[in-house]
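Notes for the structure review
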Amino acid sequence: MIVQMSKVSTKKDLDNIVSYLTNLGYGIKDASSDNVVLFGVLGDVNLLDIEQVKSFNGVLNVTRISSPYKLASKSLKHEPTIITLKNGVKIGGDDFVMMAGPCSVESEEQLDTIAKALSESGVRVLRGGVFKPRTSPYSFQGLGVEGLKLMRKIADKYNMAIITELMGVDEIDEFVKYADIIQVGARNMQNFTLLKEIGKTKLPVMLKRGFSNTIEEWLMSAEYIMAGGNESVILCERGIRTFEKYTRNTLDISAVLAVKELSHLPIIIDPSHAAGRWELIEKLSLASYAVGADGLIVEVHHEPEKAFSDGRQSLKPEKYDHMANELRKLSTVLGRDIKWKKFLLSVLV
Ligand code: PEP
Ligand code: MN
C-alpha cells in the first residue's frame, strides 16, 4: 500500500499516521522525492481499513500495490537501483557491467592465468565458484573457504571485485570477510532460510533465477532479501528449463524487459549456463546488450578441455576478448537508441 501526503500536510500529520500503522505492526518504507511525501506500508495490508487510513489528517491518497512484492517493485521506487562496489564498479543505471571467470576455482595458477587475461580485456568483476552446487555428489565440490581466500588474493592483484556462490548459512561470516558480491545460485533461489540470512548482511547479492521459476517468484525471492534490510540485489537470468534440448537451458531474453517494467533492480544475463556451449555465448551476449540488460556474467577458462566443471560452455580468454570488442562495436551502433547504457569497457580502453 502506498500513502501519499498532501502538500499542506505537516510533520505532525505524518508522525500520526506512521505511528498508527507501526503500532498495528506494519513496516514503513519512505519513498518520498523532492516535492512529494510518500511512503509504502509493508505487511499484510489486506487486513487494513483503507478508509480509516484515508481519514487521517494530511493523507491525500492511498493506493494498494497490486504486486505481491513491494520493495522490489517500481511502484515504490521508480529510479533504477545502482550498486557501487568497493573497486568503483557500478551495476545498474547507465553502466553495463562485465563479470567473467572460471566456473570453479581450481588452483592459484589457474585463477591467476584467467584473471590476468581478463583484466587485460577490461574485466573488473571476477567470477568463480568455491562452493559448487553439483548434480552429482561425486563431482568436484569446490575448494571451499581456501578458494575464497585465493579469489580475494588474485582479485586484489588486478584490482577486481569478486562474485562467488554462497550455498549455506554456515559460510556467511567468511563470505562477508572476503567476497564483494554474494551469488545465490539457481538451485537456491527459493531457499528462504538462506535468503533471510543474506538479507541481514550489507553485501550486494546476485540472485539467479531458478530454472523452473516464474518472474514473479523470482521477484518475491528478491523481496525476501530486501525485507531483511539488504536492498542491494542484482537479478540474473541464466536460462530456464523448457522442452527444448538443443541448448542446456532456454535463455529467457524477454525476462529483461519484464524486470525493467516491474522493478528498479538491475538485471544481468548469464549466457553460459543458458547455452551450455561456448559457440553461442558471443551472439547471446550481443542480444543481451541490445535488449537492455545491465551486464553479463560469463564463464572463461584458459584450458576449457581440462576444466573441473562446465568446460564445454567456457570461452577461452581470446574468445572473450573478441566478444568484448564485438560488444563495444554494438554499443556504438546502438548508442543513440540506448544512450543511457554506457559500455563499461569503452571507458577503460
Ligand atoms: C554458476 O554460476 O556457477 C552456477 C552454478 O550457476 P546456476 O546456479 O545458474 O546453475
Ligand atoms: Mn558453471
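Residues numbered from 1 in each chain as written. Chains lettered and ligands numbered in written order. Predicted model: local features only at pLDDT ≥ 70, side-chain atom pairs only at ≥ 80, totals over all residues. Heavy atoms only, no water.

Topic: the side chain of asparagine 230
Our working definition: Secondary structure elements follow DSSP: runs of H or I of four or more residues count as helices, runs of E of two or more count as strands, with numbering from the N terminus. In protein, a polar contact means a hydrogen-donor-capable atom and an acceptor-capable atom, both N or O and within 3.5 Å, with residues adjacent in sequence counting only if both atoms are side-chain atoms; elsewhere, any N or O pair within 3.5 Å suffices. Throughout, a contact is declared for two residues whenever any of their heavy atoms are within 4.5 Å.
Relative to the helices and strands, asparagine 230 resides in the loop between α7 (215-227) and β12 (233-237). At a separation of 3.1 Å, a polar atom in the side chain of asparagine 230 contacts the main-chain amide nitrogen of serine 232. The residues touching asparagine 230, leaving out its near neighbours within four places in the chain, are Ile198, Gly199, Thr201, Lys202, Leu203, Val205 and Ile225.

Brief notes about the pattern of salt bridges
Using the following cut-off: The rule for a salt bridge is simple: a side-chain nitrogen of Lys or Arg has to be within 4 Å of a carboxyl oxygen of Asp or Glu. For the exposure calls, accessible area comes from a 1.4 Å probe over protein chains only, and a residue counts as buried if that area is under 20% of its type's maximum, exposed if over 50%, partly exposed in between.
Scanning all chains against the criterion turns up 22 salt bridges. A salt bridge links aspartate 112 to lysine 157; the nearest nitrogen and oxygen atoms lie 2.7 Å apart. On the criterion of sequence distance, the pair formed by aspartate 112 in helix α3 (residues 108-120) and lysine 157 in helix α4 (residues 145-157) is long-range, its members being 45 residues apart. On the accessibility criterion, aspartate 112 (16% relative accessible area) is buried.

As for the packing of α3 against α4
Which entries qualify depends on this criterion: Axis definition: a line fit to C-alpha positions, over the contact stretch in the case of helices; interaxial angles, taken between N-to-C directions, run 0 to 180 degrees. Geometric relationships in this document are graded by angle, where less than 35 degrees denotes roughly parallel, more than 145 denotes roughly antiparallel, 65 to 115 denotes roughly perpendicular, and other angles denote oblique. By convention the crossing between two helices is left-handed if the near helix lies anticlockwise of the far one by an angle smaller than a right angle, and right-handed if it lies clockwise. Under this grouping Gly is polar, as are all residues other than the nonpolar Ala, Val, Leu, Ile, Met, Phe, Trp, Tyr, Cys and Pro and the charged Asp, Glu, Lys and Arg.
The contact between α3 and α4 brings their axes to 10 Å, and the two run at 30°. Classified by the angle their axes make, α3 and α4 are roughly parallel. With respect to the hand of their crossing, α3 and α4 are arranged in right-handed fashion. Facing α3, whose interface residues are Glu108, Leu111, Asp112 and Ala115, α4 presents Leu150, Met151, Lys153, Ile154 and Lys157. Residue composition of the contact of α3 with α4, by class: 5 nonpolar, no polar and 4 charged.

Concerning the domain arrangement of the chain
Under the convention used in this document: Just so you know, the domain bounds were taken from an automatic or database domain assignment.
For the chain, the domain assignment lists domain 1 (2-63) and domain 2 (83-334). The C-alpha centroid of domain 2 is placed 38 Å from the C-alpha centroid of domain 1.

Focus: the coordination of the manganese ion (ligand 2)
Stated precisely, the cut-off is as follows: For Na, K and Ca the donor cut-off is 3.2 Å, and for all other metals it is 2.8 Å, counting N, O and S atoms only; because water is absent from this set, sites may look incomplete.
Taken together, the protein ligands of the manganese ion (ligand 2) are Cys103 (SG), His273 (NE2), Glu299 (OE) and Asp310 (OD), with distances of 2.0 to 2.3 Å. Donor residues binding the manganese ion (ligand 2) come from one chain and are separated in sequence as C-x169-H-x25-E-x10-D. With cysteine 103 in the loop between β7 (95-101) and α3 and histidine 273 in helix α9 (residues 271-275), the pair connects residues that are 170 residues apart, well separated along the chain. On the accessibility criterion, cysteine 103 (3% relative accessible area) is buried.

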